[in-house]
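These are the residues of each chain, in order.
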Amino acid sequence: MTRFQSQFRSTRPVSQHFTKEVILLPDHTATHVPRRASKAWLFERGHVKSALEFACDWDSNRIMQAIRTAFQPIVEGCRLQILLPCHNKLVEPSLSTTQSLSGNLVKKLFHQKCIYVRPDKVLLKEDGDDVESEFSGGESSLTKSSDITDIQERDKCGIGGTSEEVASTISTVEPQSLYHTMSSFSDGDEVIWCVGPSDTQDVSTDNTSILAHGPTHPSASGSSDTSYSTYLGLFEEEYLSDDPDIQEAISRSLECNTSDSDLKMTLEGVMEQITSQVNNGSTVRFNIIRRNVWDGTTRAMGRSNFSPEKKVDVKFTDDYGASEGAVDNGGPTREFFRLCLNEIKDKIGIFEGPPNAKVLTCNSKAMKDNGYVYAGQIMAMSIAHGGQSPCFLSELLYECLQKGPDDVKVISDHIADEEIRSQVQMILQAETDSQLQDAVTQAASLISVAGHSVRITLQNKEETALDLAHWYVLQRTRAPFERFRDGLTSLGILKALQRYPLQMKCLFVSTGKALTATDMENLFQIIHSERGSNAFQEECRTLAFWQDYLQDAEFEKGVCLEDILVFFTGCDSIPALGFSPKPNLEFINYSRFPVANTCENILRIPTQAVYTAFKHDMDFAIRNSPGFGRA
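As the structure is a prediction and not an experimental result, all values here were calculated from the model.

(A) Summary view of the overall build of the protein. Of regular secondary structure, the protein possesses 28 helices and 13 strands. Within the span of the protein, comprising 631 residues, buried residues form 45% of the whole. Restricting to contacts in the protein with at least 6 residues of sequence separation, those with at least 24 account for 70%. Element-wise, carbon and sulfur atoms account for 47% of the exposed surface of the protein, whose accessible area totals about 31300 Å².

(B) Structural detail: the sheet that holds strand β2 (residues 48-55). Read from one edge of the open sheet, five strands run β2-β1-β5-β3-β4, paired in mixed fashion. Where the open sheet ends on each side, the last strands, each with one partner, are β2 and β4 (89-91). Recorded for the sheet is a direction-independent mean angle of 45° between the axes of neighbouring strands. As defined by bridge partners, strand β3 (residues 80-86) adjoins β4 across three bridges and the pair is classed as antiparallel. Bridge assignment links Cys-86 to a residue of β4, and that residue is Lys-89. Sitting on the sheet, helix α2 (residues 60-70) touches β1 (17-24), β2, β3 and β5 (115-119), and the angle it makes with β2 is about 150°.

(C) How the structure looks around α2. Taken together, the buried positions of α2 are occupied by Ile-63, Ala-66 and Ile-67. Projected down its long axis, α2 shows its buried positions confined to an angular sector of 95°, all on one face. Next to the buried residues of α2 lie β1, β2, β3, α3 (103-109) and β5.

(D) Here's a closer look at the sheet that holds strand β11 (residues 584-588). What the four strands build is an open sheet, ordered β10-β11-β13-β12; its pairing is mixed. With partners counted over all chains shown, the strands left at the sheet margins are β10 (525-526) and β12 (595-597), one partner each. With two bridges connecting them, β10 and β11 associate as parallel partners. Looking at β11, one finds that Ile-526 is bridged to Leu-585.

(E) Examining the packing of aromatic side chains more closely. Within the structure shown, the criterion is met by 17 aromatic pairs. Aromatic pair Phe-351 and Phe-484: ring centres 5.7 Å apart, planes at 90°, arrangement edge-to-face. You can see Phe-351 sitting in strand β8 (residues 351-352) and its partner Phe-484 sitting in helix α22 (residues 478-488), a full 133 residues away along the chain. A relative accessible area of 0% places Phe-484 in the buried class. Aromatic pair Phe-524 and Phe-568: ring centres 4.9 Å apart, planes at 40°, arrangement tilted. Of this pair, Phe-524 sits in the loop between α25 (517-523) and β10 while Phe-568 sits in helix α27 (residues 561-569), and the two are 44 residues apart along the sequence.

(F) Structural detail: the pattern of salt bridges. This model, assessed by the stated rule, comprises 20 salt bridges. Arg-478 serves as the salt-bridge partner of Asp-406, at 3.3 Å between the closest nitrogen and oxygen. One end of the pair, Asp-406, is in the loop between α17 (395-403) and α18 (418-429); the other, Arg-478, is in helix α22, with 72 residues separating them in the sequence. Ionic pairing is found between Asp-519 and Lys-513, a salt bridge with its closest N-O pair at 3.1 Å. For Asp-519, a relative accessible area of 22% gives the class partly exposed. With a relative accessible area of 43%, Lys-513 lands in the partly exposed category. Bridged by salt links that share partners, the residues Asp-406, Arg-478, Glu-482 and Arg-485 form one connected network.

(G) Quick look at the environment of Val-509. Within the element layout of this structure, Val-509 appears in the loop between α24 (501-504) and α25. On the accessibility criterion, Val-509 (3% relative accessible area) is buried. Each C-alpha atom, one on Val-509 and one on Ala-357, is 7.5 Å from the other, the two residues being 152 residues apart in sequence.

(H) Region of interest: the nonpolar core. Membership of the largest hydrophobic core comes to 78 residues, with the highest contact counts inside it found for Phe-286, Phe-336, Ile-344, Ile-378, Met-504 and Phe-508. Of all the elements, helix α16 (residues 371-384) adds the most residues to this core, at nine residues. Ignoring anything within four residues of it in the chain, the contact list for Ile-378 reads Trp-294, Thr-297, Met-301, Phe-336, Phe-337, Cys-340, Leu-341 and Ile-344. Counting 28 residues, the second largest nonpolar core, distinct from the first, contains Leu-585, Ala-596, Tyr-611 and Met-618.

(I) Here's a closer look at unusual backbone geometry. Going from Gln-72 to Pro-73, the amide bond is cis rather than trans, its omega being 0°. Topologically, Pro-73 is positioned in the loop between α2 and β3. Unlike most non-glycine residues, Asn-370 shows phi in positive territory, near 65°. Here Asn-370 is to be found in the loop between α15 (364-368) and α16. The phi dihedral of Leu-491 is positive, around 60°, even though this residue is not glycine.

(J) Layout of the environment of Ala-51. When you line up the elements, Ala-51 lands in strand β2. Taking C-alpha positions, Ala-51 is 5.2 Å from Lys-20, a pair spaced 31 residues apart along the chain. Residues within four places of Ala-51 in sequence aside, it is in contact with Thr-19 and Lys-20.

(K) Expanded view of the side chain of Glu-343. Tracing the backbone through its elements, the reader meets Glu-343 in helix α14 (residues 331-346). Among buried charged residues, Glu-343 stands out as having no salt bridge; its nearest opposite-charge side chain is Lys-347, 4.6 Å away. In this structure, Glu-343 is in contact with Asn-292, Val-293, Trp-294 and Ile-348, ignoring residues within four places of it in sequence.

(L) Main features of the confidence of the model for the protein. With 72% of its residues at a pLDDT of 70 or more, the protein has an overall mean of 77. Least confident of the elements in the protein is helix α7 (residues 175-183), whose mean pLDDT is 40; most confident is α22, at 95. In this model residues 1-15 is a low-confidence stretch, pLDDT under 50, and it forms 28 contacts with partners more than four residues away in sequence or in other chains. Contacts from residues 138-242, a stretch scored under 50 in pLDDT, to residues over four places away or in other chains number 129 contacts.

(M) Region of the structure containing the packing of α17 against α22. Interaxial distance between α17 and α22 falls to 11 Å at its minimum, and their mutual angle equals 70°. With respect to each other, α17 and α22 are oriented roughly perpendicular. In contact with Leu-397, Cys-400 and Leu-401 of α17, α22 contributes Phe-481, Phe-484, Arg-485 and Leu-488. Taken together, the residues that form the contact of α17 with α22 break down as six nonpolar, no polar and one charged.

About the cut-offs
Residues numbered from 1 in each chain as written. Predicted model: local features only at pLDDT ≥ 70, side-chain atom pairs only at ≥ 80, totals over all residues. Heavy atoms only, no water. Helix = DSSP H or I, 4+ residues; strand = E, 2+ residues; numbered from the N terminus. Buried < 20%, exposed > 50% of the residue type's maximum accessible area, 1.4 Å probe, protein only. Contact = heavy atoms within 4.5 Å. Areas by Shrake-Rupley, 256 points an atom, 1.4 Å probe, with all protein chains shown as cover. Pairing = 2+ DSSP bridges. Axes fitted to C-alpha atoms, helices over the stretch in contact; angles between N-to-C directions. Arc of directions from axis to C-beta. Phe/Tyr/Trp six-rings, centres within 6.5 Å; stacked < 30°, edge-to-face > 60°. Salt bridge = Lys/Arg side-chain N within 4 Å of Asp/Glu carboxyl O. Core = buried A, V, L, I, M, F, W, Y, C linked by side-chain atoms within 4.5 Å. Lys, Arg positive; Asp, Glu negative; His and termini not counted. pLDDT = per-residue confidence, 0-100. Parallel < 35°, antiparallel > 145°, perpendicular 65-115°, else oblique. Nonpolar A, V, L, I, M, F, W, Y, C, P; charged D, E, K, R; others polar.

Below, the structure written as structure tokens:
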């Protein structure tokens, strides 16, 4: 018995464009391949694109952008993860530092396979037990009688989804036409095994024996090499099984040790584990001057009684050294973490790069003063103690925290310094020996400091550029990175990040989604007077003013939505798990200005008869209440 021979296929060249079926999974807990009813259920809800077009020369970012565009607006504001089907399970292609999911690798790796995309949050809620069990990998989806028959047929014959009727038909076919008969039953993604004339003797005696000489299935005690070889056997000859990209990507994926329970863990569950480490029975005091938040922070963290696990007690002082009139029941703590994270990001000199994609840089004073450790501890504490998330790290730095710098690929675009980035790109773009020599001369200092002693040629320029980029971004800052990572070990944050990278990512990497008026409206529970009363009518009018005020803040100059959020919560962004307690919107008639309780997340707005007066008084109050004593 032989495999379907490659010479029977067309020899025309492979197109540079190709199409794949892409399936968007319903939520972040999906770990198994959706089949039958589950796939139909996703199709009906717009989560299946039957022929999404890609190009072989696309890079990984272009691939992901095409997928994201195809599923808009369903995937708005969430991160996506490409998964590879392996039997009935979904695994992440675990690529090496020299690989990325480019168009060429996607075409090879997902040949005759669907691309599965998993979001980082719930997009669809399953409304049936069968559907839910199949997505979650429950045994119920594999124990129905029809499925057992399906599995038995595959085990016996090696033909995915081939019915008894097909086998019966094959058993009556003449030997000379048997090869063509079996080929005609090829269906989509299924692999058909064919027999030659010498095998017809078995056909006449046993319907199931015609495929007995198919690929050997590994036994329970078989080696991992057998499983790996069987898996590669699913690819056609056009995409050779000895392709190093395919071999490395699949083997690393099969070795992935992430358990189903880790994938099903929600962010809420992870945060519950983290917050349980806070010791509410003991406190640490931070005495903070707003003009220099980091100075007061480092003084407190340098005391012998400091511990990240202790409950935080923040006392703000004004310019004259008098304590602000606020008791810290949560509001001052959130305000402190917001101010502190802003200084860490932009002012103390340990990060560089775009505003929401920071990487570490070298700062000898910060190393001497333990600044990298303190920064990591404050970021961990902000997450655990109810502050806002430090969503300003780059994807690259987050991946380093997860895997370690040695297993992360760096490209020239990751270099924040424009001059250094230009030097590396000139080496990459050189097309002649003369151009390469000029580029090497300009980058001589970088090459020398990086310790690159290999002669640079047109043949190894790409490897050289990657080495220089990796050294500048990661190896040059290795000592600061280790210190920063030590700080993040506080309260189990680093351990949780490494175990649940998908769930924790939204706490460190910005989604790029701006705060909207709708987001602000949805935050509040509105407290009205008795329905039908005169006060209720005034409150309804004021509520319309409030909603218009949010629209103006989103689209007009002046007070912005972040300013309003700071006024009544102390945060300028909504935490990943929202606010606790849930913010209340109340109405008052004893003051023309709004009043906020930042500890209880209560905003009280004045009832006004004219919108211009309402807007003027709201703007004045928000702009002139920087401290809790004036809120």
